[in-house]
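Fold and geometry: a report
The residues making up each chain are set out below.
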Amino acid sequence: MTDRYCVFGNPIAHSKSPTIHTLFAASTQQDLSYEALLAPLDGFADAVCDFVAAGGRGANVTVPFKEEAYRLCNRLSQRAERAGAVNTLVFDGNEIFGDNTDGAGLVRDITCNLGFSLAGKRVLLLGAGGAARGVILPLLAGQPASLFIANRSPEKAEALASLFAGSVTVDGGNVAKISGKSFDLVINATSASLSGASISMPAGVFAPGSLAYDMRYGQGDTPFMAQARSQGAAQCADGLGMLVEQAAEAFMLWRGVRPETPIVLAGLRAQLAV
Ligand code: ATR
């Protein structure tokens, strides 16, 4: 019997997850199907129940349902608990287990695909919404020297920083607070580009050799990457690798086997270019 998986979102037609997981399944010889399902904005829980009743084994969850998925689970991984959001569900009898693979996907892309070690680095995270919160715990696990969370609304960044205070120095506020400071890694987790807005970053924010990472992606450089390049970032990357790596983490959770990601990433990159 072919095992069924899906991704829930609204909208969902644009999702690359079916392509990614179908390629993973073929390369690891796993007998599964993976489809994109549009859940009504007020009907996420019902959509999940229907999918489980129809024999679904697991699901990914994307915008705008990650927080609702978190509340729906009766067991959570530590990283999902701390993220306050779930992007991967595993169905087992009456149990709905929730995990969040976004941060692990980001860290894997940065460290494995881009060859950039987090250890001892000064990290700046731009944004304090759901996307930012989802990646903080795995970022801190990489043992950076420090993490600063900068946000347009500083109180949200301060609240997040206090939530994750621990062995690594974590601070938060608005960008004015980092004036004169530079960072080795700057990650854009804001949704500014969706409205065509640019993000204000103080001069000198990019240290020599720094990496600018945009969690968004598109055809060619994203607006953040272009801005980062002009402000002196040594290396820039978009979030396509994160998308593929978070999917690989989910696939591993479901199937117990880690798929190869470089060939899938290269295929998606080629598709984006046309
Ligand atoms: P997501 O789930 O994508 O993180 P979100 O929770 O709505 O979405 O968070 C969006 C983030 O992008 C927030 O940090 C938001 O800043 P505010 O908290 O001040 O609203 C940030 N953001 C959105 N538009 C922005 C802009 N034009 N400039 C700077 N930050 C922006």
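The text that follows walks through the structure, step by step, so that each part is easy to find. Computed from a prediction, not measured in an experiment: that's the story for all the values here. (Residues numbered from 1 in each chain as written. Predicted model: local features only at pLDDT ≥ 70, side-chain atom pairs only at ≥ 80, totals over all residues. Heavy atoms only, no water.)

**Topic: the state of the cysteines**
In plain terms, the rule: A pair of cysteine sulfur atoms is labelled a disulfide when the two atoms are within 2.5 Å.
For the coordinates displayed, the defined rule picks out 0 disulfides. Just so you know, Cys-73 is unpaired, no disulfide at all, and the nearest cysteine sulfur is the one on Cys-49, 12 Å from it.

**Examining the nonpolar core**
Note the following rule: Nonpolar cores were defined as sets of buried Ala, Val, Leu, Ile, Met, Phe, Trp, Tyr and Cys residues, with membership established by side-chain atoms within 4.5 Å. Buried residues are those whose accessible area, probed at 1.4 Å on protein chains only, stays under 20% of the maximum for their type, while exposed residues exceed 50% and partly exposed ones sit between those limits. To qualify as a helix, a DSSP run of H or I must reach at least 4 residues; to qualify as a strand, a run of E must reach at least 2; elements of each kind are numbered from the N terminus. Throughout, a residue-residue contact means that at least one pair of heavy atoms, one from each residue, lies within 4.5 Å.
Leu-106, Ile-110, Leu-125, Ile-149, Leu-185, Ile-187 and Tyr-213 are the most contacted members of the largest nonpolar core, which totals 30 residues. If you tally residues by element for this core, the top one is helix H6 (residues 130-141), at 6 residues. Once you skip the residues sitting within four places of it in the chain, Leu-106 turns out to touch Val-135, Leu-139, Ile-187, Tyr-213, Met-215 and Met-242. The next biggest cluster of nonpolar side chains, apart from the first, holds 22 residues, and it includes Leu-32, Ala-247, Phe-251 and Leu-272.

**Topic: the site of the ligand**
Put simply, the rule is: Here, proximity means that at least one heavy atom of the residue falls within 4 Å of the molecule or strand. Polar contacts, as counted here, are pairs of nitrogen or oxygen atoms within 3.5 Å of one another; within protein the pair requires one atom able to donate a hydrogen and one able to accept it, and residues that are adjacent in sequence qualify only if both atoms are side-chain atoms. Think of it as three bins: nonpolar holds Ala, Val, Leu, Ile, Met, Phe, Trp, Tyr, Cys and Pro, charged holds Asp, Glu, Lys and Arg, and polar takes everything else, Gly as well.
Taken together, 14 residues lie around the ligand, and Ala-131, Asn-151, Arg-152, Ser-153 and Lys-156 are the ones closest in. A distance of 3.5 Å separates an oxygen atom of the ligand from a polar backbone atom of Gly-129. At 3.0 Å from an oxygen atom of the ligand is found a main-chain nitrogen or oxygen belonging to Gly-130. For the shell around the ligand, a count of residues per class yields 4 nonpolar, 7 polar and 3 charged.

**Let's talk about the sheet that holds strand S4 (residues 75-76)**
So the rule is basically this: For two strands to pair, DSSP has to find at least two bridges joining them. Lines are fitted to the C-alpha atoms to define the axes, a helix being fitted only along its stretch in contact, and any angle between axes, read from their N-to-C directions, falls within 0 to 180 degrees.
As summarised here, the arrangement of the 6 strands in space is S2-S1-S3-S5-S6-S4, forming an open sheet in which the pairing is mixed. Unpaired on one side and paired on the other, strand S2 (32-38) and S4 mark the two borders of the sheet. Sheet analysis places S4 next to strand S6 (residues 95-99), joined by 2 bridges and oriented parallel. By the bridge assignment for S6, Leu-76 is matched with Gly-98. Contacts between helix H1 (residues 17-27) and the sheet are confined to strand S1 (3-9), S2 and strand S3 (56-61), with S2 contributing the most and set at about 175° to the helix. The strands touched by helix H9 (residues 240-255) are S1, S2, S3, strand S5 (88-92) and S6; relative to S5, the strand with the most contacts, the crossing angle is about 10°.

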